[in-house]
Amino acid sequence: MKKKEFVTQDLLSKIYQNNESGPRKLPPERQLAEEYGVSRFTIRQAVEKLASIGIVRIVQGSGIWINEQARNNPLVYNSITEKRFDQIRFRLISLHKKRPDRDEQQIFGLTEESFIWQFCRLRFVDEEAVQIEISRMPAADFADLNQQIIESSLQQYVLGKGYQISHMLTTYRAVNVSREQAALLGCKKGSPAMHISNRGILEGGRVYEISDIIDINYTCTYVIPHNRENLAFRKGDG
């Protein structure tokens, strides 16, 4: 692990290890550089990473302040949320309507006579293709879905139609890139990747989108409370 990455992860750990309430600050850059045995430039890079994901605020002349609200979210960051929107763009590959299969009928609560949108898009981060996303959405709820919307923010589109998004259900699985996927992503066939399955869920429980993503540059950090009940179940105590 590079020094910058180690310092970032260790500072994150120390922030979440400390449960003190009230405003808190990190030590000054000079002190951190001495503690970690690295340059102030390395410390600055680590702190800027923490600032970019909303964990700290850098206040000129005041110091590095910890954002306590960030502690309420189990997802600290992933390889997309640490990027600004102006560093990300999409390119539509395909868009069409189709009848939902049995699984899609079950997920969306549709009949076999209904229609859903299916589209494929490439996500670019810093002008490098890193994700292939195949998504499905109910056509009746999103009749005006088009290329311009798909190449911008789907969540903003859904919110703009008056829906309230509740949460995402996400599953991760390690895979290797296929020949067709490698051609789109500009990488070698068989390259390691993450298969990310998402369900977007509205207030009230209705699913508005399901997507399957192949990501060749995926990293994420979570803070997860200890689950005593699950541990007891796995031990056979329940």
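Residues numbered from 1 in each chain as written. Predicted model: local features only at pLDDT ≥ 70, side-chain atom pairs only at ≥ 80, totals over all residues. Heavy atoms only, no water.

Per an unreviewed UniProt entry, the protein chain goes by GntR family transcriptional regulator and derives from Kluyvera intermedia.

Caption draft 1: Quick look at the overall build of the protein chain. The number of helices and strands found in the protein chain is eight helices and 11 strands. With the C-alpha coordinates aligned to their principal axes, the bounding extent of the protein chain is approximately 65 × 50 × 40 Å. By the burial criterion, 37% of the 238 residues in the protein chain qualify as buried. Put simply, the protein chain shows about 14,700 Å² of open surface, and 49% of that area lies on carbon and sulfur atoms. Positive and negative side-chain charges of the protein chain, numbering 33 and 29 respectively, have mean locations separated by a distance of 4 Å. (Helix = DSSP H or I, 4+ residues; strand = E, 2+ residues; numbered from the N terminus. Buried < 20%, exposed > 50% of the residue type's maximum accessible area, 1.4 Å probe, protein only. Areas by Shrake-Rupley, 256 points an atom, 1.4 Å probe, with all protein chains shown as cover. Lys, Arg positive; Asp, Glu negative; His and termini not counted. Charge placed at Lys NZ, Arg CZ, Asp CG, Glu CD.)

Caption draft 2: Geometry of the nonpolar core. Membership of the largest hydrophobic core comes to 22 residues, with the highest contact counts inside it found for Ile-15, Ile-43, Leu-50, Ile-55 and Val-56. Of all the secondary-structure elements, those providing two or more residues to this core are helix H1 (3-17), helix H2 (29-36), helix H3 (40-52), strand S3 (63-66) and strand S4 (75-78). Broken down by element, the residue count for this core peaks at five residues, all from H1. Sequence-distant contacts of Leu-50, defined by excluding residues within four places in its chain, comprise Thr-8, Leu-11, Leu-12, Ile-15, Leu-26, Ile-55 and Val-56. (Core = buried A, V, L, I, M, F, W, Y, C linked by side-chain atoms within 4.5 Å. Contact = heavy atoms within 4.5 Å.)

Caption draft 3: Spatial organisation of the packing of aromatic side chains. Within this structure, the stated rule accounts for four aromatic pairs. Note on Phe-6 and Tyr-36: the rings are 6.3 Å apart at their centroids and 80° apart in plane angle, and the pair reads as edge-to-face. Here Tyr-36 lies in helix H2 and Phe-6 lies in helix H1, a separation of 30 residues in the sequence. Look at Phe-142 and Tyr-157: their rings are 5.7 Å apart centre to centre, the planes differ by 50°, and that puts the pair in the tilted class. With Phe-142 in the loop between strand S7 (128-138) and helix H5 (147-150) and Tyr-157 in helix H6 (residues 154-160), this residue pair connects regions lying 15 residues apart in the sequence. In terms of burial, Phe-142 and Tyr-157 fall into one category: buried. Clustering of aromatic rings is evident, with ring pairs tying together Phe-142, Tyr-157 and Tyr-163. Looking at Arg-89, its charged tip hangs above the ring of Phe-124, at a distance of 4.0 Å from the centre. Residue placement shows Arg-121 over the ring face of Phe-90; its charged tip is 3.6 Å from the ring centre. (Phe/Tyr/Trp six-rings, centres within 6.5 Å; stacked < 30°, edge-to-face > 60°. Lys NZ or Arg CZ within 6 Å of the ring centre and 35° of its normal.)

Caption draft 4: Up close: the environment of Phe-90. Its location among the elements puts Phe-90 in strand S5 (residues 88-98). Among the residues examined, Phe-90 registers a relative accessible area of 12% and is labelled buried. Distance in space between the C-alpha atoms of Phe-90 and Ile-150 is 7.6 Å, their sequence separation being 60 residues. Here Phe-90 is in contact with Arg-121, Leu-122, Arg-123, Glu-133, Ile-150, Glu-151 and Ser-152, once residues within four sequence places are set aside.

Caption draft 5: Seen up close, a nonpolar patch on the surface. The grouping of Tyr-172, Tyr-222 and Ile-224 at the surface amounts to a nonpolar patch, some 310 Å² of accessible area in total. Structurally, Ile-224 can be placed in the loop between strand S11 (220-222) and helix H8 (228-235). (Patch = residues over 30% accessible without salt bridge, like charges linked within 9 Å, V, L, I, M, F, W, Y side chains within 5 Å. Salt bridge = Lys/Arg side-chain N within 4 Å of Asp/Glu carboxyl O.)

Caption draft 6: Region of interest: the sheet that holds strand S9 (residues 192-202). Taken in spatial order, the six strands make up an open sheet running S5-S6-S7-S10-S9-S8, and their pairing is antiparallel. Because the sheet does not close on itself, it has two edges, and the strands there are S5 and strand S8 (165-176). Across the sheet, the mean angle separating the axes of adjacent strands is 15° when strand polarity is ignored. Across eight bridges, the pairing between S9 and strand S10 (residues 207-215) is antiparallel. Bridged to Asn-198 within S10 is Ser-211. (Pairing = 2+ DSSP bridges. Axes fitted to C-alpha atoms, helices over the stretch in contact; angles between N-to-C directions.)

Caption draft 7: Seen up close, the UniProt feature "domain: HTH gntR-type" (unreviewed entry) in the protein chain. The sites that carry the UniProt feature "domain: HTH gntR-type" (unreviewed entry) are, in the present numbering, residues 1-69. A helix fraction of 52% and a strand fraction of 14% characterise residues 1-69, whose end C-alpha atoms lie 28 Å from each other. (UniProt positions renumbered as here; feature names shortened; annotations may be inferred.)

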